[in-house]
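Residue strings, one per chain:
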Amino acid sequence: MIDKRTCQKKIRDLLDSFKEDSVIDFNKSDLEIFYDDPACEWGVSLKIRISTGLYSDCYPDGYKTFSIGSENDLPELKKHLVSLRDTAHKKKSTAPNAEVVLQKLKDFQRTTAEYVFKKLYDENHRRFLVADEVGLGKTLVARGIIAQAVQSLWDKKELDGETPLRIDIVYICSNTSIARQNINKLTIPGITGHVEPTRITMLAEAVTQFNPRLNFIALTPGTSFDVASGTGWVKERALLYVLLKKVWGLRECDKNTNFFRDGASSERFDWEVEEVLTNADTKLNKEIMEHFQDRLATEGASLADEYYGMINAFGKHNYKRCSIEKRRKRRDFIARLRKLLASASISVLKPDLVILDEFQRFRDILGDPNEEGISDALADIRELAHYLFNQKTAKILLLSATPYNLYTFFEDVEGADHYQDLIHTVKFLFENDKQKTEEFEKYLHGYRNAILKSDSFAGNELILLKDNIERILRSIMVRTERFYYIKDKGGLVDDGKGTKRDVCDFLTNDIKSYTALRKVSDQIALGHMLEYWKSAPYLFNF
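These numbers come from a predicted model, not from an experiment. (Residues numbered from 1 in each chain as written. Predicted model: local features only at pLDDT ≥ 70, side-chain atom pairs only at ≥ 80, totals over all residues. Heavy atoms only, no water.)

K.L.:
Quick one: what's the story with the overall build of the chain, residue by residue and with numbers?
P.N.:
A tally of helices and strands in the chain yields 20 helices and 11 strands. Classification of the 542 residues of the chain by burial places 46% in the buried group. For the chain, the proportion of contacts with a sequence separation of at least 24, taken over those separated by at least 6, is 70%. When the accessible area of the chain is evaluated, it comes to approximately 29400 Å², of which 50% is carbon and sulfur surface. (Helix = DSSP H or I, 4+ residues; strand = E, 2+ residues; numbered from the N terminus. Buried < 20%, exposed > 50% of the residue type's maximum accessible area, 1.4 Å probe, protein only. Contact = heavy atoms within 4.5 Å. Areas by Shrake-Rupley, 256 points an atom, 1.4 Å probe, with all protein chains shown as cover.)

K.L.:
Quick rundown of helix α4 (residues 107–122)? Include the residues and the values.
P.N.:
Between the first and last C-alpha of α4 there are 21 Å, a value that for 16 residues agrees with the 22 Å anticipated at 1.5 Å per step. Taken residue by residue, α4 has F108, Q109, T112, A113, V116, F117, K119, L120 and Y121 as its buried positions. Residue N124 follows α4 closely and has a positive phi angle near 60°. (Expected span 1.5 Å × (residues − 1).)

K.L.:
Describe the packing of aromatic side chains, naming the residues involved and giving the relevant values.
P.N.:
Summed over all chains, the structure comprises 13 aromatic pairs. Arranged with centres 6.0 Å apart and planes meeting at 35°, the rings of F260 and Y307 form a pair that is tilted. With F260 in helix α10 (residues 254–261) and Y307 in helix α13 (residues 301–310), this pair connects stretches of sequence that are 47 residues apart. Accessibility expressed as a relative area gives 0% for F260, which makes it buried. Judged by relative accessible area, which is 0%, Y307 ranks as buried. (Phe/Tyr/Trp six-rings, centres within 6.5 Å; stacked < 30°, edge-to-face > 60°.)

K.L.:
Provide a residue-level description of the nonpolar core, including the pertinent values.
P.N.:
Most often, soluble globular proteins keep nonpolar side chains buried together rather than apart. If you look at the biggest cluster of nonpolar residues, it comprises 85 residues, and the most contacted ones within it are I172, F260, L356 and F389. Counting residues per element, this core draws most heavily on helix α14 (residues 324–349), which supplies 10 residues. Excluding residues within four positions of it along the chain, F389 makes contact with R126, R127, I172, V354, L356, I365, L366, A394, I396 and F428. (Core = buried A, V, L, I, M, F, W, Y, C linked by side-chain atoms within 4.5 Å.)

K.L.:
Break down the pattern of salt bridges for me, citing the residues and quoting the values.
P.N.:
Across all of its chains, the model carries 25 salt bridges by this definition. One salt bridge connects E99 with R110, and the closest N-O pair in it is separated by 2.7 Å. Of this pair, E99 sits in helix α3 (residues 98–102) while R110 sits in helix α4, and the two are 11 residues apart along the sequence. You can call E99 partly exposed: its relative accessible area is 31%. A salt bridge links R479 to E481; the nearest nitrogen and oxygen atoms lie 2.8 Å apart. A relative accessible area of 38% means that R479 is categorised as partly exposed. We classify E481 as partly exposed; its relative accessible area is 37%. In the salt-bridge network here, residues are joined through shared partners; they are E325, R328, R331 and D332. (Salt bridge = Lys/Arg side-chain N within 4 Å of Asp/Glu carboxyl O.)

Below, the structure is given as structure tokens:
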């Protein structure tokens, strides 16, 4: 059975020989996953996904998977790649046609996509929220917005003399699995471009593989912005080690490698370092490297002095006896380096559109980094996130059916406040504009007070306040609900006239069902269950 690393190298060398064309691309992560296959020569196989960037129409799905498990498979793969490259070069790269995407949307989805594009690009708003009800296809709406944005920017960048001409779409969601799944739904037929699920600190490596015209970059808050909570991937630490070798002239010795390898084995860390060194000239973005060096210089000699003051504890004979406190200091030091590298990477990324999907799951990153009373760790996360959001080229698109809690109970999470959630979201959409946020709050307070006045309904005060609130919200958000499209528009409203509505019967078994549910919820301390009982057709599944 052949060594797995030898398998990886043979395949990588073949694929890399086609990379210079900027036509053929492959998923690097595929080289990390082996499949046991006793029937093949190697005893294992790798399934490699090959794509052709802007020329994705060479494949119906934008890519094709090849299973490689022997030397005999490599010539066949090479033959296919040569043919594929020739075919791709014959195809002319032209601006995308957004209509291809838009015509596949439902009427209300298309209306939303066109409205949001108008706000972001024609009226030059920087941030916008799509808050459509669950199940109405916010991802498809986002795809329609992306198609229009790419079509608009494709020729504009060239006419304006912008460099690079590259269009970068950044997709942020709560976890890597969702990111990998959804980012492929956002791509555009015929010009899929390069799709890269990554983390900000690894952009130095990823950017060199970007498509020259269009890229989709998937990130998660936990792995990209929360760099202060740990030492990151072994690949990140290997990259940092190599960079510091160039900048500080670190020697190859146990105390230096032990400092950066953290929990990884010596063999694994040495292999990752070798991978970085081997590809440093061709696969590391020089601009990011220069920005990182500038940030190191800004920190001054004290940063290097701090490093040299720590590493003796990580020598060959001391490493296993290293105290918890010294390991904590190492973690904090590496976290600072990761933050410097992340900010250097963002400055080169220059995103054109940043999509925050279901942002309520990580709403903390939207807050003001300078807010009083927050922890240093949260301030660092927000500072890095806002550095991305505030890039000159970036438009921000928020997606969420529940951008804030509609109601909070006393037993909810401490500090939860639906009103403050709403205000914080509006403030972010207004780019922290204090005057606009206070104007919105003023109308909300006025609306509440007007409702409480019995004589308000007779005059125009309430309607005027309502119109002002709607005017402000429509400038920063849209929302579509299913109920809007049913025939009986007043179906949820009691008009006080005894109008007969088409409602379901209320049966004895419904009461029994609810009381049974309450007994279960009381046993497991779930609290209020009425809304769940009203909305769920089947309350329990076992």
